[in-house]
Amino acid sequence: MNLSTLQIPVEKTAHSRLADVDFSNLPFGKVHTDHMFVCTFKDGSWQDPKVMPYQALSLDPSAKVFHYGQAIFEGMKAYKDTEGGVWLFRPEENQKRLNISAKRLAIPEVPKGIFMEGLKTLIQVDQEWIPRSEGSSLYVRPFIFASGQGFHASPADEYMFIIACSPSGAYFSGKLGVRIEEKYSRAANGGVGYAKAGGNYAGQFYPTQLAVADGYQQVIWTDDNAHEFIEEAGAMNIFVRIGDTLLTSPTSDRILDGVTRKSILRLAEAGNIPTEVRKISVKELIEAEQNGSLKEMFGSGTAAVISPISSFGYQGRRYELPELENSYAAKFKKQITDIQYNRAEDPFGWRYPVK
Ligand code: COI
């Protein structure tokens, strides 16, 4: 396959579902566009990339994804500006990270040309599905799973790489209360925490259910060793503001290298906001809350963008954070979304034109 001249064939649906969608009331990730991009790995190479009507898949019950969880994904968004221009945000970062995840899960890496051309072709074909209302966008979900058969616990010999899209509204609604986890862990040293492996998320569901039963929405993950340091907020990276200093945990084997996280750090640098990328202990957090220097906490991720945390729980006690005017969360969210929706200059070259 010559990737420099790669043209993705498109089979269009004969029955668009677009007219049935209520764009004024979009849930997150539940409505799917008319088409999907599909590429298959077999006989040792990625082949037959194409855009085709969105449809159910047929898989052998022994496909290894069902048994050994060989599955990874990415999350991105496409935006439409007031002139009808269509944009992505730093898609090459997602392309690189997909292959970092692939390597860790013994999945064959996807050539950049297939990823980028497949992505652009699909978004062009389904561009009418990109919502225009504030806070909504087209959530784009690239994923790879082991479709090869067999119960032998070893990497599959066949895979599917699919990109599916969903016009989506906000990921969270209402206030975000989080509980600092003291028993369960999301990731361990030497594990797969830095990869976007599906199983990382499945492993969060039960502890999150327990937190929800106690009146919280998400879990703050701590280090698996002693549960001493905060690491992530649910499926998001975490930021804390103590005084005027912005803090976030360093990426590691256990922490995802978030695109929104690194964009916030770059914006903070450009805005001369004092920043420290270092371990943040629960003890330090509680002390800052007690002495009034804990100003704000927020989670960051593609789906949720930036989600302010209004309270956190630890050892049975709930700590409320004050509502802050001129919060860093609001400032960064505005800066990032203004770039994403092409409402502001993009000095960093993050905006990527689709058409
Ligand atoms: C994203 O922010 O895109 C994520 O990957 C989180 C996802 C679990 C919705």
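Residues numbered from 1 in each chain as written. Predicted model: local features only at pLDDT ≥ 70, side-chain atom pairs only at ≥ 80, totals over all residues. Heavy atoms only, no water.

### Side note on the site of the ligand
Thinking step 1. As a structural note, the neighbourhood of the ligand is formed by Phe73, Gly75, Tyr139, Arg141, Tyr171, Lys196, Tyr201, Ala235, Gly301, Thr302 and Ala303.
Thinking step 2. Contacts to the ligand include Tyr139, whose side-chain N or O atom sits 2.6 Å from an oxygen atom.
Thinking step 3. Within the side chain of Lys196, an N or O atom sits 2.6 Å from an oxygen atom of the ligand.
Thinking step 4. Protein contact buries 89% of the 280 Å² of open area that the ligand shows by itself.
Thinking step 5. Of the residues that constitute the shell around the ligand, the class distribution is 6 nonpolar, 3 polar and 2 charged.
Thinking step 6. Counting residues domain by domain, the shell around the ligand receives three or more from each of domain 1 (18–170) and domain 2 (176–340). (Near = heavy atom within 4 Å. Polar contact = N/O pair within 3.5 Å; in protein donor to acceptor, adjacent residues only side chain to side chain. Areas by Shrake-Rupley, 256 points an atom, 1.4 Å probe, with all protein chains shown as cover. Nonpolar A, V, L, I, M, F, W, Y, C, P; charged D, E, K, R; others polar. Domains from an automatic or database assignment.)

### So, the domain arrangement of the protein chain
Thinking step 1. Looking at the assigned domains, one finds that the protein chain contains domain 1 (18–170) and domain 2 (176–340).
Thinking step 2. Using C-alpha coordinates to define each centre, domain 1 is positioned 26 Å away from domain 2.
Thinking step 3. Residue-level contacts link 20 residues of domain 1 with 21 residues of domain 2.
Thinking step 4. For the domain 1 and domain 2 pair, buried surface summed over both sides reaches about 1,800 Å², with 60% attributable to carbon and sulfur atoms.
Thinking step 5. Considering only the surface of domain 1 that becomes buried against domain 2, Phe89, Arg97 and Arg104 emerge as the three largest contributors, covering 35% of it.
Thinking step 6. Here domain 1 and domain 2 share 1 salt bridge between them.
Thinking step 7. Linking Glu93 and Lys262 is a salt bridge whose minimum nitrogen-to-oxygen distance equals 2.9 Å. (Contact = heavy atoms within 4.5 Å. Buried area = accessible area lost by both parts, 1.4 Å probe. Salt bridge = Lys/Arg side-chain N within 4 Å of Asp/Glu carboxyl O.)

### Considerations on the pattern of salt bridges
Thinking step 1. Under the defined criterion, the tally for this structure stands at 24 salt bridges.
Thinking step 2. For Glu287, the salt bridge is made with Lys283, and the minimal N-O distance between the two is 3.5 Å. Of the two residues, Glu287 and Lys283 both sit in helix H6 (residues 282–291), 4 residues apart, roughly one turn of that helix.
Thinking step 3. You can call Lys283 exposed: its relative accessible area is 60%. (Helix = DSSP H or I, 4+ residues; strand = E, 2+ residues; numbered from the N terminus. Buried < 20%, exposed > 50% of the residue type's maximum accessible area, 1.4 Å probe, protein only.)

### Topic: the packing of aromatic side chains
Thinking step 1. The final tally for this structure, using the stated rule, is 18 aromatic pairs.
Thinking step 2. Relative to Tyr341, the ring of Tyr79 lies with its centre 4.9 Å away and its plane at 65 degrees, an arrangement referred to as edge-to-face. Remark: Tyr341 occurs in the loop between helix H7 (328–340) and strand S19 (351–353) and Tyr79 occurs in strand S4 (residues 76–80); sequence separation between them is 262 residues.
Thinking step 3. Of the residues examined, Tyr79 reaches a relative accessible area of 3% and is grouped as buried.
Thinking step 4. A residue is classified by how much of its surface remains accessible, and Tyr341, at 9% relative accessible area, is buried.
Thinking step 5. Ring pairs connect the aromatic residues Phe37, Phe41, Trp46, Phe115, Tyr159 and Phe161, which therefore count as one cluster. (Phe/Tyr/Trp six-rings, centres within 6.5 Å; stacked < 30°, edge-to-face > 60°.)

### Some thoughts on helix H4 (residues 198–213)
Thinking step 1. Here H4 contains 16 residues, and its C-alpha end-to-end distance of 24 Å stays within 8% of the 22 Å for a straight helix at 1.5 Å per residue.
Thinking step 2. For H4, the principal kink sits at Tyr206 and spans about 30 degrees; a proline, Pro207, occurs within the next four residues.
Thinking step 3. Of all the residues in H4, the buried ones are Asn200, Tyr201, Gln204, Pro207, Thr208 and Ala211.
Thinking step 4. Taken from the residues just after H4, Gly215 is the one with a positive phi, measuring 95 degrees. (Expected span 1.5 Å × (residues − 1). Bend = angle between axes of the 7 residues up to and from the residue.)

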